[in-house]
Amino acid sequence: MKRALITGITGQDGRYLAEFLSGQDYQVFGVVRGQNNPKAQMIQEENPALELVEGDLTDLSSLIAVIEQVQPDEVYNLGAISFVQLSFRQPELTADITGLGVLRMLEAVRIVGGSENNPMRFYQASSSEMFGKVRETPQNERTAFHPRSPYGVAKVFGHNVTVNYREAYGLHASSGILFNHESPRRGLEFVTRKITNSLARIKLGLQDSISLGNLESARDWGFAGDYVEAMWKMLQQDTPDDYVVATGETHTIRDFLDVAFRIAGYDDWEPFVSHDTRFERPTEVDLLMGDASKASKELGWTPKVGFEELVERMYEHDLAWERTKAGNSSA
Ligand code: NAP
Ligand code: G4F
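Since we're looking at a predicted model, the values are computed, not measured. (Residues numbered from 1 in each chain as written. Chains lettered and ligands numbered in written order. Predicted model: local features only at pLDDT ≥ 70, side-chain atom pairs only at ≥ 80, totals over all residues. Heavy atoms only, no water.)

1. Quick notes on the overall build of the protein
For step 1, the next point in the chain: Check the secondary structure of the protein and you find 11 helices and 13 strands.
For step 2, the next point in the chain: Radius of gyration (C-alpha) of the protein: 20 Å, near the 20 Å computed for a compact globule of 331 residues.
For step 3, the next point in the chain: Counting across all 331 residues of the protein, residues that qualify as buried make up 53%.
For step 4, the next point in the chain: Contacts spanning at least 24 positions in sequence make up 77% of the contacts within the protein whose residues lie at least 6 apart.
For step 5, the next point in the chain: Carbon and sulfur atoms provide 47% of the accessible area of the protein, an area that totals close to 14500 Å².
For step 6, the next point in the chain: Charge separation in the protein, taken as the distance between the mean sites of 33 positive and 48 negative side-chain charges, equals 1 Å. (Helix = DSSP H or I, 4+ residues; strand = E, 2+ residues; numbered from the N terminus. Rg over C-alpha atoms; globule rule 2.2 N^0.38 Å. Buried < 20%, exposed > 50% of the residue type's maximum accessible area, 1.4 Å probe, protein only. Contact = heavy atoms within 4.5 Å. Areas by Shrake-Rupley, 256 points an atom, 1.4 Å probe, with all protein chains shown as cover. Lys, Arg positive; Asp, Glu negative; His and termini not counted. Charge placed at Lys NZ, Arg CZ, Asp CG, Glu CD.)

2. Let's talk about the domain arrangement of the protein
For step 1, the next point in the chain: The domains assigned to the protein are domain 1 (3-182 + 221-245) and domain 2 (191-219 + 250-287 + 305-330).
For step 2, the next point in the chain: For domain 1 versus domain 2, the separation of C-alpha centres amounts to 28 Å.
For step 3, the next point in the chain: At the junction of the two partners, domain 1 supplies 16 residues and domain 2 supplies 21 residues.
For step 4, the next point in the chain: Between domain 1 and domain 2, a total of about 1600 Å² is buried, with carbon and sulfur atoms accounting for 59% of that surface.
For step 5, the next point in the chain: The interface formed by domain 1 and domain 2 includes 1 salt bridge.
For step 6, the next point in the chain: Between Glu-129 and Arg-219 there is a salt bridge, and its shortest N-O distance comes to 3.9 Å.
For step 7, the next point in the chain: Our count for the domain 1 to domain 2 interface comes out at 6 residue pairs in polar contact (both at pLDDT 80 or more).
For step 8, the next point in the chain: Looking at the side of domain 1 that touches domain 2, the elements that each hand over two or more residues are α4 (84-89) and β10 (222-223). (Domains from an automatic or database assignment. Buried area = accessible area lost by both parts, 1.4 Å probe. Salt bridge = Lys/Arg side-chain N within 4 Å of Asp/Glu carboxyl O. Polar contact = N/O pair within 3.5 Å; in protein donor to acceptor, adjacent residues only side chain to side chain.)

3. Considerations on helix α6 (residues 150-169)
For step 1, the next point in the chain: Relative to the 28 Å expected for 20 residues at 1.5 Å per residue, α6 spans 28 Å between its end C-alpha atoms, a close match to the ideal helical length.
For step 2, the next point in the chain: Within α6, the full set of buried residues consists of Tyr-151, Gly-152, Ala-154, Lys-155, Val-156, Gly-158, His-159, Val-161, Thr-162, Val-163, Tyr-165 and Arg-166.
For step 3, the next point in the chain: Considering only its buried residues, α6 is in contact with α4, α5 (91-113), β5 (121-127), β6 (172-178) and β11 (242-245). (Expected span 1.5 Å × (residues − 1).)

4. Some thoughts on the site of ligand 2
For step 1, the next point in the chain: Lining the immediate environment of ligand 2, one finds 24 residues, of which Ser-127, Ser-128, Tyr-151, Arg-281 and Glu-284 sit closest.
For step 2, the next point in the chain: The separation between an oxygen atom of ligand 2 and a polar main-chain atom of Ser-82 is 2.6 Å.
For step 3, the next point in the chain: Arg-219 is positioned with one of its side-chain polar atoms (N or O) 2.7 Å from an oxygen atom of ligand 2.
For step 4, the next point in the chain: Out of a free accessible area of 710 Å², ligand 2 has 96% covered by protein chains.
For step 5, the next point in the chain: The set of elements that each furnish at least two residues to the shell around ligand 2 consists of α7 (191-203) and β8 (210-212).
For step 6, the next point in the chain: Of the residues belonging to the shell around ligand 2, the class tally is 9 nonpolar, 8 polar and 7 charged. (Near = heavy atom within 4 Å. Nonpolar A, V, L, I, M, F, W, Y, C, P; charged D, E, K, R; others polar.)

5. Brief notes about the packing of α5 against α6
For step 1, the next point in the chain: Two elements in contact, α5 and α6, have axes whose closest approach is 8 Å; the angle formed by their N-to-C orientations is 15°. One way to sum up the angle between α5 and α6 is to call them roughly parallel. For the crossing formed where α5 meets α6, the hand is right-handed. From α5, Pro-91, Thr-94, Ala-95, Thr-98, Gly-99, Leu-100, Val-102, Leu-103, Leu-106, Glu-107 and Arg-110 reach across to α6, where they touch Pro-150, Tyr-151, Ala-154, Lys-155, Phe-157, Gly-158, Val-161, Thr-162, Tyr-165 and Tyr-169.
For step 2, the next point in the chain: A breakdown of the residues in the contact of α5 with α6 according to their chemical character gives 13 nonpolar, 5 polar and 3 charged. (Axes fitted to C-alpha atoms, helices over the stretch in contact; angles between N-to-C directions. Parallel < 35°, antiparallel > 145°, perpendicular 65-115°, else oblique. Left-handed = near helix turned anticlockwise from the far one by under 90°.)

6. Points about the site of ligand 1
For step 1, the next point in the chain: Near ligand 1, the surroundings consist of 26 residues, among which Thr-10, Asp-13, Arg-33, Ser-82 and Tyr-151 are the closest.
For step 2, the next point in the chain: A distance of 2.9 Å separates a nitrogen atom of ligand 1 from a polar atom in the side chain of Asp-56.
For step 3, the next point in the chain: Take Arg-186: an N or O atom from its side chain is 3.2 Å from a nitrogen atom of ligand 1.
For step 4, the next point in the chain: Protein chains shield 91% of the accessible area of ligand 1, which is 900 Å² for the free molecule.
For step 5, the next point in the chain: Of all elements in the fold, only α1 (12-23), β5 and α6 reach the threshold of two or more residues within the shell around ligand 1.

7. Here we look at empty space enclosed by the protein
For step 1, the next point in the chain: For the coordinates displayed, the defined rule picks out 1 cavity of 30 Å³ or more.
For step 2, the next point in the chain: Computed from the structure, the largest cavity encloses a volume of approximately 40 Å³.
For step 3, the next point in the chain: Along the walls of the largest cavity sit Ile-9, Gly-14, Arg-15, Ala-18, Ile-43, Glu-46, Asn-47 and Leu-50, which together make up its complete lining.
For step 4, the next point in the chain: Among the elements of the structure, α1 and α2 (39-46) are those that each provide at least two residues to the lining of the largest cavity.
For step 5, the next point in the chain: Ranked by residues supplied to the lining of the largest cavity, first place goes to α1 with 3 residues.
For step 6, the next point in the chain: Its residues assigned to classes, the lining of the largest cavity comprises 4 nonpolar, 2 polar and 2 charged. (1 Å grid on protein atoms, 1.4 Å probe; cavity = no way out; pocket = protein on both sides within 12 Å on 5 of 7 lines; lining within 4 Å. Points joined across faces, edges and corners; volume = space filled by probe spheres on them.)

8. Here we look at the packing of aromatic side chains
Centre-to-centre distance and the angle between the planes together describe a pair of aromatic rings.
For step 1, the next point in the chain: In total, this model carries 14 aromatic pairs according to the counting rule given.
For step 2, the next point in the chain: Taken together, a centroid distance of 5.9 Å and an interplanar angle of 70° make the contact between Phe-256 and Phe-307 edge-to-face. Pair noted here: Phe-256 is in helix α9 (residues 253-263) and Phe-307 is in helix α11 (residues 307-330), with a separation of 51 residues, a long-range link. Taken as a pair, Phe-256 and Phe-307 share a single burial class, namely buried.
For step 3, the next point in the chain: A network of ring pairs unites the aromatic residues Phe-131, Phe-145 and Phe-179 as a single cluster.
For step 4, the next point in the chain: Above the ring of Tyr-16, the side-chain terminus of Arg-185 is found at 4.3 Å from the ring centroid.
For step 5, the next point in the chain: Directly above the ring of Tyr-266 sits Lys-203, whose terminal nitrogen or CZ lies 5.2 Å from the centroid. (Phe/Tyr/Trp six-rings, centres within 6.5 Å; stacked < 30°, edge-to-face > 60°. Lys NZ or Arg CZ within 6 Å of the ring centre and 35° of its normal.)

Next comes the structure, spelled out in structure tokens:
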């Protein structure tokens, strides 16, 4: 039985990846941080086979101890401060966790055993935010980076140091440059889930409107469940490499609102959406659209869930969830 270690196990991708790997007959270990982390119980109930270990991306000795204990065949580094807006307010913390955290993971793998004799495989969760003020469209593995947030800058560091450890120490270290991927498990702070959840509450009469920032930016949105398969496929290759993972389609926040409100049975979303400058960013990423032809050709990966189906899945989930919560509180 292969052993996989995942940081960021309590996040959206960690939960899908753990399920996927359990289904592939892996023994899966997830790194949980903090004292009595409230999400630990939830993910343990969701995936009883999952084994939780303690560690923090800001603490190298904890990461070495985890890797010594688990002796994984594959390490997936998904842990990060992943919310771009928070990275403007807490830039140093973001640099430490999202940037230096990658270096610490690579060091732990290198020190415990990631050499050619002990080929522990490593996946880094890189991001399309690295392209930032994009130099070309669509973006591919050779497109130059121009990050637009402390988060994007930290991801560029994490990406580059992963490439460096591959070249300097022969580590089997791959980097997935993933474009936005969403699901019913997406955090409520991200725009897609904020919209589907608020819309479900509007539909149920629990909320009047949604406050949003910039509606003009465009994102290449896919389904998280599809994207974790690409992570795994990268680590099954003989040679480590970098891959863009994306749908190749792009939609604005306005498009997302159009589709979500139509699915919920409204003709027009404008009466329900107000503008709030607090949700704008000092620098914005205007347009992301990925070219995943390398992943398609070399990994045999293509996305399965399309944009409208994704929006519908998220909305339907939130409607059922909010209805249950409302029922429970009135009971
Ligand atoms: P997420 O839901 O925000 O999850 C982030 C995870 O990181 C959580 O499990 C969190 O744990 C953990 N974490 C935060 N600080 C940590 C620390 N100091 N030590 C250990 N773990 C820590 O993010 P996601 O959407 O699943 O994304 C997974 C990864 O892919 C992230 O690195 C993200 O930047 C990257 N990425 C995401 C997307 C996307 O569209 N989703 C696209 C490209 C790249 P707690 O629960 O304890 O806070
Ligand atoms: O949903 P978002 O916060 O995601 P963003 O910034 O694109 O970052 C996500 O995708 C990256 C991959 O490209 C990941 F690396 C990163 O970890 C994260 O998962 O914002 C999307 C867009 C932005 O242009 C933002 O300005 O939506 C715009 N927006 C407008 N109003 C809003 C809001 N975003 C949020 N979160 N909340 C709003 O009210």
